Amino acid sequence: MPDPAVSVIIPAYNSARFLPGCLASVLSQDYPVHEIIVSDDGSTDNIEDALAPFLADPRVRLLSAPNAGPSAARNRGIRAATGDAVAFLDADDLWLPGKLSRQIPLLAPPRVGLVYGLRTHMDPDGNPIPKEQPDCFRGNVLSRIFSYNFVCTSSAVVKKQCFETTGFFDESLTTAEDFDLWIRIAAFFDFDFVPEPVACYRTGHPQLSQDKDLRLINTLLVRQRALKHPAIAGRIPPSVVRRARSDTMRREGLRYAGHGRRDRALFFYLRALAADPLSLRPWRAIAKLILKNSGKKNWKLSQE
């Protein structure tokens, strides 16, 4: 069987300054790509100028449309793709050397629909940012991906046939749209992964300043809809559903605690506890919050 042709989809919105590096990381892969589709989502930063040096390569093409969000931009690319597999890469991210050559062989089994990998993090200027890697899972990951999105979009390679079965990205979602699609793919196909970084994710620049509250709302909405999906209903144990909601609330509490918002942190820790009273994680988070606050008060008293 010949090696699958890979179509690379790069959604771009006002990312002209990052696009040359992004494209260079694709073109330098040791596995040849079939085509690179830059799906411009109504950019206003002269993306054509940034792309011009690369258009001499017949594999590179630009699709432009009015701004409609990342899901619409990716979907335009998927519909235009002619390869056997679709690899996603956001315009402000990079692929690491050897990414595709390590991932493509893992797509060979008929049951496997998606292959992903770990990622490193960098700031807007490309400087590395230390960050803990998520756990990775292979095979039937439906309950795992329902609980937590461990697939970085810029690391994902998906068989084109998957979209015929599961549909595309939900264009009504402006956050958690990848989470929604991964759950639907996991309902029909196995996942596999490369246990090392294959992409570099850029964070901290203005384009990534997203509404965290909206992300929480959409995460809960995606799960609620998934439980009603004909291919998913009844397949995820109630204990997994409870733990997933509890962990989401606990992580939201951790975010507020990290910003010194102990009142909001406690609010979400209590919601985590209500979702899964038997879980020790929210209890530990609450205890840590109380002890930290108590320690500050005791220190103040000792200074008076």
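The structure contained in this document is the topic of the report that follows. Position numbers for residues start from 1 in each chain and track the written sequence from start to end. Given that the model is predicted, a residue must reach a pLDDT of at least 70 before its local features are reported, and side-chain atom pairs must reach 80 or more before they are shown or counted; all residues, however, enter totals for whole chains, interfaces and linings. Values reported for side chains reflect all heavy atoms of the structure, with hydrogen atoms and water molecules removed beforehand.

## Some points on the overall build of the protein
Runs of E in the DSSP output that reach at least two residues are strands. Runs of H or I that reach at least four are helices, and both are numbered from the N terminus. The helix and strand inventory of the protein stands at 11 helices and nine strands. In summary, the protein has a C-alpha radius of gyration of 21 Å against a globular reference of 19 Å for 304 residues, a match within 12%. Counting only C-alpha atoms and orienting by the principal axes, one finds that the protein spans roughly 70 × 45 × 35 Å. Note on classification: 1.4 Å probe, protein chains only; a residue is buried when its accessible area is under 20% of the maximum for its type, exposed when over 50%, partly exposed between these limits. A burial count over the protein gives 47% of its 304 residues as buried. Every radius of gyration here is taken over C-alpha atoms, with the globule rule written as 2.2 Å times N^0.38, N being the number of residues.

## Structural notes on unusual backbone geometry
Notably, Asn-46 is not glycine yet its phi reads approximately 60°, a positive angle. By the secondary structure assignment, Asn-46 is in the loop between β2 (35-41) and α2 (47-51). Although it is not a glycine, Ala-176 adopts a positive phi angle of roughly 65°.

## Topic: the nonpolar core
Counting 38 residues, the largest nonpolar core has Phe-88, Val-151, Trp-182, Ile-183, Ile-185 and Phe-191 as its most contacted members. Of all the elements in the fold, those that place two or more residues in this core are β4 (85-88), β6 (112-122), α5 (142-147), α6 (160-166), α7 (177-186), β9 (190-202), α8 (212-226) and α9 (238-258). The contact criterion used is simple: two residues touch if any of their non-hydrogen atoms lie within 4.5 Å. In contact with Val-151, other than residues within four places in its own chain, are Leu-114, Tyr-116, Ile-145, Ala-156, Asp-178, Trp-182 and Phe-191. Put simply, buried Ala, Val, Leu, Ile, Met, Phe, Trp, Tyr and Cys residues joined by side-chain atoms within 4.5 Å make one nonpolar core.

## Some details on the pairing of β2
Of all the seven residues making up β2, seven are buried; the element is thus mostly covered by neighbouring parts of the structure. Taking every second residue as pointing to the same face, both faces of β2 are buried, with Glu-35, Ile-37, Ser-39 and Asp-41 on one and Ile-36, Val-38 and Asp-40 on the other. If you view a crossover with the strands going away from you and the path from the first strand over the helix to the second runs clockwise, you call it right-handed. Note on the crossover from strand β1 (residues 6-12) through helix α1 (residues 19-27) to β2: the handedness is right-handed. Relative to strand β3 (residues 60-65), β2 runs parallel, the two being bridged by six bridges. Counted as the bridge partner of Ile-36 is Val-60 from β3. Note: two strands are recorded as paired if DSSP finds a minimum of 2 bridges between them.

## A word on the pattern of salt bridges
Salt bridge, as used here: a side-chain nitrogen of Lys or Arg that lies within 4 Å of a carboxyl oxygen of Asp or Glu. Applying the stated rule across the entire model yields 16 salt bridges. A salt bridge links Glu-252 to Arg-255; the nearest nitrogen and oxygen atoms lie 2.6 Å apart. Separated by three residues within a single helix, Glu-252 and Arg-255 lie in helix α9, roughly one turn from each other. Take Glu-252: its relative accessible area is 9%, and that puts it in the buried class. A residue is classified by how much of its surface remains accessible, and Arg-255, at 25% relative accessible area, is partly exposed. Where Asp-263 meets Arg-261, a salt bridge forms, and the shortest distance between an N and an O atom there is 3.6 Å. On the basis of relative accessibility, which here comes to 52%, the residue Asp-263 falls in the exposed class. Classification of Arg-261 by relative accessible area gives partly exposed; the value is 37%. Taken together, the salt bridges that share partners define one network made up of Asp-170, Asp-180, Arg-184 and Arg-225.

## Brief notes about the packing of α7 against α8
Axes, fitted as lines to C-alpha atoms, cover a helix only where it is in contact. Angles between the N-to-C directions of the axes lie from 0 to 180 degrees. Put simply, α7 and α8 touch, their axes get as near as 9 Å, and they point 20° apart. By the angle class used here, α7 and α8 are roughly parallel. Seen from above, α7 lies across α8 with right-handed handedness. Contacts from Phe-179, Asp-180 and Ile-183 of α7 reach α8 at Thr-219, Val-222, Arg-223, Arg-225 and Ala-226. Residues that form the contact of α7 with α8 fall into these classes: four nonpolar, one polar and three charged. Roughly parallel means an angle under 35 degrees; roughly antiparallel, over 145; roughly perpendicular, 65 to 115; everything else is oblique. Crossing handedness is read from the near helix: turned anticlockwise from the far helix by less than a right angle, it gives a left-handed crossing, and turned clockwise, a right-handed one. Side-chain classes are defined by residue name, with Ala, Val, Leu, Ile, Met, Phe, Trp, Tyr, Cys and Pro counting as nonpolar, Asp, Glu, Lys and Arg as charged, and the others, Gly among them, as polar.

## Some points on the environment of Leu-273
Note on placement: Leu-273 falls in helix α10 (residues 262-275). Using a relative accessible area of 12% as the deciding quantity, one classes Leu-273 as buried. Note: C-alpha distance between Leu-273 and Trp-283 (10 residues apart in sequence) is 7.2 Å. Those residues in contact with Leu-273 that sit more than four places away from it in its chain are Pro-282, Trp-283 and Ile-286.

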